[in-house]
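Single-letter residue listing:
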Amino acid sequence: MKNIFLSLSTILLLSACSSKLASIPKNALKPTVVTQKTPNDTDDPAIWVNPTNPDESLIIGTDKQEDTGGLYAYNLKGEIINKIVPLNRPNNVDVIYDFDYNGKKIDIAITTERKTNKIRIVSLPDFKLIDNGGVEVFVGEAQRDPMGIALYKGNNEEVYVIVGRKEGTSGEYLHQYLLEEKEGKIEAKLVRKFGNYSGKKEIEAIAVDQELGYIYYSDETIGVRKYFADPEKGNEEIAFFGQKDFKRDNEGIAIYKTNATDGYILISDQQANYFNVYKREGEKNNVNEHKIIAKIPTSTIECDGADAINLNFNSTFPKGFLVAMSNGNVFHLYDWQIIQQEIDRQNK
């Protein structure tokens with residue numbers, strides 16, 4: 001498969017911005033694929049797997065411009081093959097499978113639309129809005145402006161949406177909703193408010209570990225917080241890690257699973273252009289203790305959002321990949337094998 005590498009225009013852009021942005025590390029890993037550009041400003045990706053033909057899976061990414069933003073679908077070559085425009089500053093996006101809709105199971109992507117205080121729901125792989133204009137979140141709150149989002153499926157196959165915002169009250173920063181379809185209309189029922197917040201900057205990146213039942217989110221400039229995803233397990237913070245591991249902002253979170261319980265949590269060190277790596281399973285005697293085990297130098301510039309997956313897609317990505325937003329209106333896809341080699345090198 002033909003790989004798409006950094007274009008001359010991207011290199012020139014990075015050179016022009018070098019006085020303001022952290023430089024790419026000299027030993028930075030090179031992306032296997034770079035997506036086509038969006039018109040404005042990429043922010044966050046999610047991966048949808050085609051169950052019958054993994055090579056036809058999609059990267060779903062946001063272009064977060066006000067009024068003229070959009071949600072874009074890319075193939076694994078990085079080509080834009082579909083889009084939903086305009087959206088009014090879509091921010092983050094996530095994907096979930098087998099949502100009950102009109103009497104059948106469908107896969108969906110959900111993005112936050114900041115300037116309308118809504119979430120927007122898209123069916124996959126046909127890439128059509130199915131939300132009748134969107135579903136409002138943070139209703140009745142003085143602070144709304146939704147940003148981060150993650151999806152979780154409960155023990156009874158119910159679908160939950162966890163949403164963050166630009167600002168919020170510590171202990172109630174995140175809202176979790178039960179998503180249901182009733183007579184063709186999708187509704188979101190608030191089931192809990194939770195999540196500590198330092199007040200230093202904002203909370204944007206949120207990730208769910210479906211198998212282990214955890215929520216992780218980046219309290220930017222401070223560290224990474226961990227909670228149970230099941231609302232019935234309470235609102236106690238069960239870990240707060242990475243507090244001294246980042247140059248400034250800890251941002252995008254990706255979870256790469258080597259099996260049902262083990263793997264890696266990768267978190268963007270935004271101003272250093274690295275990904276910090278932690279063991280998904282925690283330490284031997286404490287599953288909620290996460291120590292940094294590697295710092296992966298990448299060619300992404302100021303990464304906001306990321307996702308990762310372990311699956312044999314094709315000869316280009318036989319062990320899956322990490323996808324990361326980069327300045328320049330693009331997403332970078334890294335063959336997981338080169339990420340794993342660097343993790344192994346640093347843990348000899």
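A. Summary view of the overall build of the protein. Looking only at helices and strands, the protein features two helices and 25 strands. For 348 residues, the compact-globule estimate of 2.2 N^0.38 gives 20 Å, and the C-alpha radius of gyration of the protein, at 19 Å, lies within 12% of that figure. Considering only C-alpha atoms, the protein reaches an extent of 55 × 45 × 40 Å along its principal axes. Here the protein holds 348 residues, and 58% of them are scored as buried.

B. Quick peek at unusual backbone geometry. The omega torsion of the bond from V85 to P86 falls at -5 degrees, within 30 degrees of zero and hence cis. Residue placement: P86 occurs in strand β5 (residues 80–87). In this model, L124 is joined to P125 through a cis peptide bond whose omega is 5 degrees. Topologically, P125 is positioned in the loop between β8 (118–124) and β9 (128–129).

C. Structural context of helix α2 (residues 336–346). For α2, the full list of buried residues reads W336, I339, Q340, E342 and I343. Seen along its axis, α2 keeps its buried residues to an arc of 160 degrees; they face one direction. Close packing links the buried residues of α2 with β19 (250–257), β20 (263–269), β21 (274–279), β22 (292–297), β24 (321–326) and β25 (330–335).

D. Examining the pairing of β8 more closely. Counted residue by residue, β8 has six buried out of seven residues, so it is predominantly covered. Two elements, strand β7 (residues 104–113) and β8, share seven bridges in a ladder whose sense is antiparallel. Among the inter-strand pairings, T111 is bridged to a residue of β8, identified as R120. The hairpin turn running from β7 into β8, its antiparallel successor, is four residues long, and N117 in that turn takes a positive phi close to 55 degrees. Summarising the sheet, β8 and β9 pair through two bridges and their orientation is antiparallel. What sits directly across from V122, in β9, is L129. Where β8 folds back onto β9 in an antiparallel hairpin, the turn is made up of three residues, including F127, whose phi is positive at roughly 65 degrees.

E. Quick peek at the pairing of strand β3 (residues 58–63). The buried count for β3 comes to six of six residues, which makes it a mostly enclosed element. Across the two faces of β3 the burial is the same, with L58, I60 and T62 and I59, G61 and D63 all buried. Two strands pair when backbone bridges link them, and strand β2 (residues 42–48) and β3 are joined in this way by five bridges, in the antiparallel orientation. Residue pairing for β3: W48 is matched across the bridge by L58. Of the pairings in the sheet, the one linking β3 to strand β4 (residues 69–74) comprises five bridges and is antiparallel in character. Paired with I60 across the strands is A73, a residue of β4. Taken together, β3 and the strand that follows it, β4, pair antiparallel across an intervening segment of five residues, in which D67 is found at a positive phi of about 65 degrees.

F. Representation of the nonpolar core in the model. Core analysis: the biggest nonpolar cluster contains 20 residues, and I108, I110, I119 and L179 have the highest contact counts within it. Those elements that provide at least two residues to this core are β6 (90–101), β7, β8, β11 (146–153), β12 (159–165) and β13 (174–182). Apart from residues no more than four positions distant in its own chain, L179 is found in contact with F99, I108, I110, I119, I121, V159, V161, I186, E187 and A188. Grouped together as the second largest cluster of nonpolar side chains are 19 residues, A254, I296, A306 and I339 included.

G. How the structure looks around the packing of aromatic side chains. Counted by the stated rule, this structure contains 13 aromatic pairs. Between Y152 and Y160, the ring centres sit 6.1 Å apart and the planes meet at 20 degrees, which makes this aromatic pair stacked. Side by side, Y152 and Y160 carry an identical accessibility label, which is buried. Centre to centre, the rings of Y216 and F241 are 6.2 Å apart; their planes meet at 80 degrees, and the pair counts as edge-to-face. In this pair, Y216 sits in strand β16 (residues 214–219) while F241 sits in strand β18 (residues 239–241), placing the two residues 25 residues apart along the sequence. Here the aromatic residues Y214, Y216, F228, F241 and Y278 are joined through ring pairs into a cluster of three or more. The ring of F194 carries the charged tip of R192 above its face, separated from the ring centre by 3.8 Å.

H. Here's a closer look at the environment of Y274. Its location among the elements puts Y274 in strand β21. Overall, Y274 belongs to the partly exposed group, its relative accessible area being 21%. Taking the C-alpha atoms as reference points, Y274 and S299, 25 residues apart in sequence, are found 8.4 Å from one another. If sequence neighbours within four positions are ignored, Y274 has contacts with P25, N27, I267, S268, D269, K295, I296 and P297.

I. Main features of the sheet that holds β13. An order of β11-β12-β13-β14 is seen for the four strands of this open sheet, with the pairing classed as antiparallel. The open sheet has two free edges, formed respectively by β11 and β14 (185–194), since each of these has just one partner strand. Across the sheet, the axes of successive neighbouring strands diverge by a mean angle of 30 degrees, strand direction being ignored. Sheet topology note: the β12/β13 ladder contains five bridges and is antiparallel. Paired with V159 across the two strands is L179, which belongs to β13.

Criteria and thresholds
- Note that residues are indexed from 1 along each chain, following the sequence as it is written.
- Note on the predicted model: pLDDT of at least 70 is required for a residue's local features to be given, and 80 or more for side-chain atom pairs to be given and counted; whole-chain, interface and lining totals, by contrast, use all residues.
- Computation of side-chain values: all heavy atoms of the structure, hydrogens and water removed.
- Going along the chain from the N terminus, every DSSP run of H or I of four or more residues is numbered as a helix, and every run of E of two or more is numbered as a strand.
- Here the globule rule reads 2.2 Å times residues to the power 0.38, and the radius of gyration is calculated from C-alpha atoms.
- A 1.4 Å probe rolled over the protein chains alone gives each residue an accessible area, and that area as a share of the maximum for its type sets the label: buried under 20%, exposed over 50%, partly exposed in between.
- Our arc is simply the arc of the directions from the helix axis toward the C-beta atoms.
- Contacts between residues were defined by any pair of non-hydrogen atoms, one from each residue, lying within 4.5 Å.
- One requirement defines pairing of two strands: DSSP has to find at least two bridges between them.
- Nonpolar cores were defined as sets of buried Ala, Val, Leu, Ile, Met, Phe, Trp, Tyr and Cys residues, with membership established by side-chain atoms within 4.5 Å.
- Between 30 and 60 degrees the pair is tilted, below 30 it is stacked and above 60 it is edge-to-face, where a pair is any two Phe, Tyr or Trp rings, Trp via its six-membered ring, whose centres lie within 6.5 Å.
- Two limits define a charge over a ring: the Lys NZ or Arg CZ must be within 6 Å of the ring centre, and within 35 degrees of the ring normal.
- Note on definitions: angles span 0 to 180 degrees between N-to-C directions of axes, and those axes are lines fitted to C-alpha atoms, for helices only across the stretch in contact.

Shape is all these values report; function is a separate question.
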